[in-house]
Amino acid sequence: LAYYENVIVSKPDPAVALITLNRPNALNALNAAHFNDISSALREADQDPATGAMVITGSDKAFAAGADIKEMKDKTFAEAYTSNYLANWEVIAKLRKPVIAAVSGYAHCHTSLGNVAIYVTLVGKLGGGLELALQADILLAAPSAKLGQPEINLGVIPGGGGTQRLARLIGKSRTMEMVLTGRIIDAEEAERWGLVNRVVREDSGVVDAAIKLAKEVASKGRVAVTAGKEAVNAAFELSLSEGLRFERRLFHSLFATKDQKEGMTAFAEKRKPEWTHS
Ligand code: CAA
């Protein structure tokens, strides 16, 4: 496994890569080096044939406290604009394999590594942390998770996708409240609003729950999992009729796979399917 200064990569299961944000002195705030490590580690896992799903998490105190304020405070408009600052955050949403965010502590939206301090082991995410987490496919939160988009308190707005992804996820008025007041919401409210799949209340904790979920996803046929992720994501980009057509074409194309033949034959023979991911 590759070594990164600001990220710990491990394999809790042969088919699952666990990416743990590790910049504790800054509550996992996302500076350029940290973000590069996160995206490289995720891309590496995405390309590893042995990996079926990824889990991204932070520490108990913070998934990620957003973009690094100290790094960006002296940036000029010209620098931000000409370098297309934060455009590279989109790499996470483009990963082919499923990503599960486990958020504990603060997650500022910008998660999917976002900044409503993203504390993804979803103990919490703030701003960019939340925006980072929002790029994940499934979000689990620890009871301690605190999520928000506090950028308004810094004289800016979310820049890592928070206004767009949150509005699609929890609707306009709740997003407006979060973005315009900077209010941090707790795990219970995030669960009620549909911002996270669920709050993990078991003693074993949110990271274990995320790994268990990742193992389950990784145990399915990879071609169908990739198609499922691509089809669901298309719902956020296409009109309903285009989306339905895209879904149906992907569905048709799966009849060309060995996994489709195996899956349906196994059902008819009342046995478990053996996927070959082909
Ligand atoms: N950037 C840089 N450093 C940060 C940081 C950030 N986003 N968040 C925390 N830190 C640093 C603190 O400066 C502090 O460092 P020092 O010990 O060197 O002083 C260390 O992490 C610990 O933080 P605190 O002492 O503040 O810890 P706390 O427990 O008292 O508070 C917190 C925790 C509520 C998360 C608080 O740190 C906080 O409000 N952080 C900023 C959150 C924020 O505004 N995020 C949005 C950033 S903008 C953005 O993300 C733009 C975008 O859309 C991409």
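Everything below is about the structure printed above this text.
Predicted, not measured: the structure shown is a model, and the values here were computed from it.

### Notes on the side chain of Q149
- As for its placement among the helices and strands, Q149 is situated in the loop between β8 (146-148) and α5 (162-170).
- Within polar-contact distance, the side chain of Q149 engages the side chain of E151 at 3.2 Å.

### Section: the packing of α5 against helix α6 (residues 172-181)
- Viewed as axis vectors pointing N to C, α5 and α6 meet at an angle of 140°, and their least axial separation amounts to 7 Å. Put simply, α5 runs oblique to α6. Every pair of crossing elements has a handedness; the one defined by α5 and α6 is right-handed. Contact residues: T163, L166, A167 and I170 in α5; K172, R174, T175, M178 and V179 in α6.
- In terms of residue class, the contact of α5 with α6 is built from 5 nonpolar, 2 polar and 2 charged.

### Regarding the environment of G155
- Assignment of secondary structure puts G155 in the loop between β8 and α5.
- On the basis of relative accessibility, which here comes to 67%, the residue G155 falls in the exposed class.
- As a C-alpha pair, G155 and R96 span 59 residues in sequence and 35 Å in three-dimensional space.

Procedures and definitions
Residues numbered from 1 in each chain as written. Predicted model: local features only at pLDDT ≥ 70, side-chain atom pairs only at ≥ 80, totals over all residues. Heavy atoms only, no water. Helix = DSSP H or I, 4+ residues; strand = E, 2+ residues; numbered from the N terminus. Polar contact = N/O pair within 3.5 Å; in protein donor to acceptor, adjacent residues only side chain to side chain. Axes fitted to C-alpha atoms, helices over the stretch in contact; angles between N-to-C directions. Parallel < 35°, antiparallel > 145°, perpendicular 65-115°, else oblique. Left-handed = near helix turned anticlockwise from the far one by under 90°. Contact = heavy atoms within 4.5 Å. Nonpolar A, V, L, I, M, F, W, Y, C, P; charged D, E, K, R; others polar. Buried < 20%, exposed > 50% of the residue type's maximum accessible area, 1.4 Å probe, protein only.

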